[in-house]
Amino acid sequence: MSLNKEQIKYLAILSRMDIQDSETKDVVDKLSRIVEFVDQLQAVSTEGTEPMAHPLEQGQRLRIDKVTEDNQREKIQLNANETNNGMYLVPKVID
Amino acid sequence: MTSNWEIVIGLEIHAQLATKSKIFSGASTAYGGEPNTQACLVDLGYPGTLPVLNQQAIEMAIRFGLAVDAEISSRSVFARKNYFYPDLPKGYQISQLDLPIVVGGNMSILDGDGNEKIIGITRAHLEEDAGKSVHEGLDGLSGIDLNRAGTPLLEIVSEPEMSSAKEAVAYMRKIHSIVRYLEISDGNMQEGSFRCDANVSIKRFDQKELGTRAELKNLNSFKFIEKAINHEVMRQIEIIEDGGEVKQETRLYDSDLDETRPMRSKEEANDYRYFPDPDLLPVIIDETYIAYIKETLPELPNAKQQRFIETYSLKISDAEILTATKQLADFYEAVEKIANTESQITANWVIGDYTAALNRDDLEISDAKLSATDLAGLLNKIADQTISGKIAKEVFEAMWIGEGNAEMIIESKGLVQITDDSEIETIIDQVIENNPSQLAEYIGGKDRLFGFFVGQVMKETKGKANPKKVNEILKKKLI
C-alpha cells in the first residue's frame, strides 16, 4: 500500500509538522516505503497468536506510592520561554 | 413533548484516585499547591525519563472492580493517546484502550418510580490526568499549571442504559458513594476530583438503532448534570421534530446560561492514533493478589442499606440516605447503639435535625461539636420521658453550639418534663377554672375546644407537661 498526498497532509496536521508543498512528494515516497515494509509483515499468518504489547516477556514493575520528587520549578523553568507567577505562558488556547 | 421519545444516556466518570504520588512519578498529587511545584521531569515528559507505575493506583482500580462485580484483567496494557494541547506536555496521554484493568460490572440504582434498576458498567481504565490552563488576566496568553498532570484517574464507562437525567444522577451518586466507601477517591467535585462526561441521544420508542449522540463535557456537579442533560434532550427533540438531524459532536455545558454549545477546537483532529506504550510493560495481576484485596473491601452502600432495613426496620428511603456516606452510616450506628429510642426515631433525628444542622453550618461530621454519644444522650432523655420531643429540639440547638450535654442543658434551663399526675392535675384544674366560658361551650358540644385546653396547659407549663398525660387527665376532667 502506498500513501497519497492527502494522507500526508492529514498526518502533518495531526503531528503538527509543517511540510512544504515542495517536500510533499519526497515525504510521500519515503513514508510509503515504510508502509510497504509493514505490508510485508502483514503477510505472516498470526492466527492463534496473542497480540504482543511489548517485546520483553515480563510484567510491569510497580513502585510504592510515596512522594520522592521535590520542587524543582526554578531550575526547570530556566528552559521556558515565558512564565508568569510560576505558570508557563503559551499562545491563548480556549475551548 | 418528551413523551414520544426514549432518552438514552451513558456516562463516563473520571475519578481522581487518592494516591499520594502520581501514577507514573514520585511527584505529589496534593491539591492546591503553587503552580508547577509538583510537576517533575517525568510529568513534563523530559527526554530520558521513564514512567514507573504506582502500585497503589493498581490496587485502587482493583478495589473498584471488585466492588461493582467486574472482572479484573489478569493482563492489562497501557496505550498512548496522541493529541496536542499545551496542558499535555508529552503530546500523548497514557491511558488504556484494548485491555483495560476492569471489564464489565454493574450498579443498581433506584429509577424514577423507586424501583431497582441495574446499570451495566462497560469498563474502567487507568489513565493520567492533564494539567490546567488559565485564560484570564494574562494579556491574551494562556497560563499552564502542570501540577495535576500525571494524577491517576479511573475512567468508569457505563453502558448507555440510563433513560432520564434523574437516573444519570442516581447512577453518578452511587458511583460517588462507592469510591468514597472504598477510600479510593475523595470525590471532591469542586476540586475536580470527580467529574463526568455524558453521552446523550434520543430515539423514537419503536426505533431499534440508537440515535446520533452528543457528548457533554466536564460536568462537575450533580445539579449541572441533570440540567445539562435535560437541556440537551430538549435541544435534540426540537432539531428532529423540525426535520433536522443531530450532529455527533462534543458540547460544553454553560451553567450561567443553562445551555450547551459546541466546543470549537479539538474536533478536526479527533484521531488519537492509540498504540501500546513501549515505555510500559503489560500489568500482570494474579489471583492471589485479587483475593487479598477482596478480603479488605469494606461493607458497601447497597449491602449496608439492606442490613439497615433488616436490622433496624428503617424505611428504604431513609436507609438509602443514611448509607450514602460511610461517615453518616457510622454515625447513625454509633447513636443507635446507645440510644434507647426506637431505631426509626433515632434515624429521624440523624436525617432530620442533625443533618440539617450540618448543612446549615456547612460542616463535616468530623468537624461537628455534637458527638454520637451526645445525641444518644439527648434521645435517652426523650426515651425516659425527662423531656418531650419538642423540648428536645430546643436542647439539641443548645448542644449543637456547645453549651453542654443534654443533662446539663435540661437542668440549667429548667426543661424537665412534668410527668407527675397530681402536678398536671393542679394545673388543669386551674386552667378550667380560669376559662369558664370555653368550658360552657365545650360542654355545650363544641368538641374542638379540647385542643384549646391542651394548649392552655402547655402554655402554662412552657411546653414541659407530658402531652400524653395532659390529654389523658383532661379527658377525665372534661367528661
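Residues numbered from 1 in each chain as written. Chains lettered and ligands numbered in written order. Predicted model: local features only at pLDDT ≥ 70, side-chain atom pairs only at ≥ 80, totals over all residues. Heavy atoms only, no water.

Draft legend 1. Structural detail: the overall build of chain B. Broken down by element type, chain B carries 15 helices and 18 strands. Radius of gyration (C-alpha) of chain B: 30 Å, far over the 23 Å computed for a compact globule of 479 residues. Referenced to the eigenvectors of the C-alpha coordinate spread, the extents of chain B come out at roughly 95 × 55 × 55 Å. In chain B, which comprises 479 residues, the share counted as buried stands at 51%. Contacts in chain B between residues at least 24 apart in sequence constitute 68% of all its contacts with a sequence separation of at least 6. Total accessible area computed for chain B in this model is approximately 22700 Å², and 49% of it derives from carbon and sulfur atoms. Mean positive and mean negative side-chain charge positions of chain B (52 and 78 charges, respectively) differ by 2 Å. (Helix = DSSP H or I, 4+ residues; strand = E, 2+ residues; numbered from the N terminus. Rg over C-alpha atoms; globule rule 2.2 N^0.38 Å. Buried < 20%, exposed > 50% of the residue type's maximum accessible area, 1.4 Å probe, protein only. Contact = heavy atoms within 4.5 Å. Areas by Shrake-Rupley, 256 points an atom, 1.4 Å probe, with all protein chains shown as cover. Lys, Arg positive; Asp, Glu negative; His and termini not counted. Charge placed at Lys NZ, Arg CZ, Asp CG, Glu CD.)

Draft legend 2. How the structure looks around the interface of chain A and chain B. Taken together, the contact pairs 41 residues of chain A with 56 residues of chain B. Around 4200 Å² of area is buried between chain A and chain B when both sides are counted, 59% of it from carbon and sulfur atoms. At the junction of chain A and chain B, the tally comes to one salt bridge. At the junction of chain A and chain B, the tally comes to 24 residue pairs in polar contact (both at pLDDT 80 or more). At the level of elements, helix 1 (5–14), strand 1 (62–63), helix 3 (73–76) and strand 3 (87–91) of chain A are the ones that each hand at least two residues to the side of chain A that touches chain B. (Buried area = accessible area lost by both parts, 1.4 Å probe. Salt bridge = Lys/Arg side-chain N within 4 Å of Asp/Glu carboxyl O. Polar contact = N/O pair within 3.5 Å; in protein donor to acceptor, adjacent residues only side chain to side chain.)

Draft legend 3. The domain arrangement of chain B, seen in detail. Taken domain by domain, chain B comprises domain 1 (2–292), domain 2 (299–413) and domain 3 (421–477). One C-alpha centre belongs to domain 2 of chain B, the other to domain 3 of chain B; they are set 33 Å apart. (Domains from an automatic or database assignment.)

Draft legend 4. Broad picture of the pattern of salt bridges. For the structure shown, the criterion picks out 34 salt bridges over all chains. A salt bridge links Arg75(B) to Glu50(A); the shortest N-O distance between them is 3.1 Å. With Arg75(B) in strand 4 (residues 75–76) and Glu50(A) in the loop between helix 2 (21–42) and strand 1, this pair bridges two chains. We note a salt bridge from Glu407(B) to Lys381(B), for which the minimum N-O separation is 3.3 Å. Placement of Glu407(B) in helix 11 (residues 406–413) and of Lys381(B) in helix 9 (residues 372–383) is noted, with a sequence separation of 26 residues between them. On the basis of relative accessibility, which here comes to 49%, the residue Glu407(B) falls in the partly exposed class. Counted as one network, the salt bridges with shared partners bring together Glu232(B), Arg235(B), Lys247(B), Glu249(B) and Arg251(B).

Draft legend 5. Examining helix 5 (residues 301–312) of chain B more closely. All names here are of chain B. Given a rise of 1.5 Å per residue, twelve residues ought to cover 16 Å, and the 16 Å separating the end C-alpha atoms of helix 5 matches this to within 8%. Within the span of helix 5, buried status applies to Pro301, Lys304, Gln305, Phe308 and Tyr312. Viewed along the axis of helix 5, the buried residues span an arc of 105 degrees, placing them on a single side of the element. Where helix 5 is buried, its residues meet helix 2 (165–181), helix 6 (316–322), helix 7 (326–338) and helix 8 (343–361). Once helix 5 finishes, Ser313 follows within two positions and takes phi at roughly 50 degrees, a positive value. (Expected span 1.5 Å × (residues − 1). Arc of directions from axis to C-beta.)

Draft legend 6. Representation of the pairing of strand 3 of chain A in the model. The element strand 3 of chain A is largely enclosed, with a buried count of four among its five residues. Sheet analysis places strand 2 (residues 83–84) of chain A next to strand 3 of chain A, joined by two bridges and oriented antiparallel. The residue bridging Thr83(A) from the neighbouring strand is Tyr88(A), located in strand 3 of chain A. In sequence, strand 2 of chain A turns back onto strand 3 of chain A through a hairpin of two residues, with Asn85(A) there showing a positive phi of about 50 degrees. With four bridges connecting them, strand 3 of chain A and strand 11 (residues 141–145) of chain B associate as antiparallel partners. Counted as the bridge partner of Tyr88(A) is Ile144(B) from strand 11 of chain B. (Pairing = 2+ DSSP bridges.)

Draft legend 7. Highlighting the sheet that holds strand 17 (residues 275–276) of chain B. Residues and elements named next belong to chain B. The antiparallel open sheet is built from three strands, whose spatial order is 6-5-17. Edge positions in the sheet fall to strand 6 (92–95) and strand 17, since each has one partner strand and no second. Here strand 5 (residues 79–82) pairs with strand 6 via four bridges, running antiparallel. Its bridge partner lying in strand 6, Asn82 is registered against Tyr92.

Draft legend 8. Main features of the environment of Ala18(B). All names here are of chain B. Secondary-structure assignment places Ala18 in the loop between strand 1 (5–16) and strand 2 (53–54). Given the relative accessible area of 43%, Ala18 is considered partly exposed. The contact partners of Ala18, leaving out residues within four places of it in the chain, are Met60, Ile184, Ser185 and Asp186.

Draft legend 9. The arrangement of unusual backbone geometry in detail. Residues and elements named next belong to chain B. Positive phi, normally seen in glycine, also occurs at Glu183, with a value near 55 degrees. Following the sequence through the fold, Glu183 ends up in the loop between helix 2 and strand 13 (194–204). According to the relative accessible area criterion, Glu183 is exposed, its value standing at 58%. In the Ramachandran plot, Gln385 falls in the positive-phi region, its phi being about 65 degrees despite a non-glycine side chain. Position of Gln385 relative to the elements: it lies in the loop between helix 9 and helix 10 (389–400). Judged by relative accessible area, which is 38%, Gln385 ranks as partly exposed.

Draft legend 10. Spotlight on the pairing of strand 1 of chain B. Residue and element names in this part refer to chain B. Of all twelve residues making up strand 1, eleven are buried, and the element is well covered by its neighbours. Relative to strand 13, strand 1 runs antiparallel, the two sharing eleven bridges. Counted as the bridge partner of Gly10 is Asn199 from strand 13. Pairing between strand 1 and strand 12 (residues 152–158): five bridges, direction antiparallel. Bridge assignment links His14 to a residue of strand 12, and that residue is Glu155.

Draft legend 11. The nonpolar core, seen in detail. Residues and elements named next belong to chain B. One finds Phe64, Tyr171, Tyr354 and Leu375 to be the most contacted residues of the largest nonpolar core, which totals 104 residues. No other element matches the nine residues that helix 2 contributes to this core. When near neighbours in sequence (up to four residues on either side) are disregarded, Phe64 contacts Ile121, Ala124, Leu154, Ile156, Ile175, Ile178, Val179, Leu182 and Ile184. With 18 residues, the next largest nonpolar core counts Ile427, Leu449, Phe453 and Leu478 among its residues. (Core = buried A, V, L, I, M, F, W, Y, C linked by side-chain atoms within 4.5 Å.)

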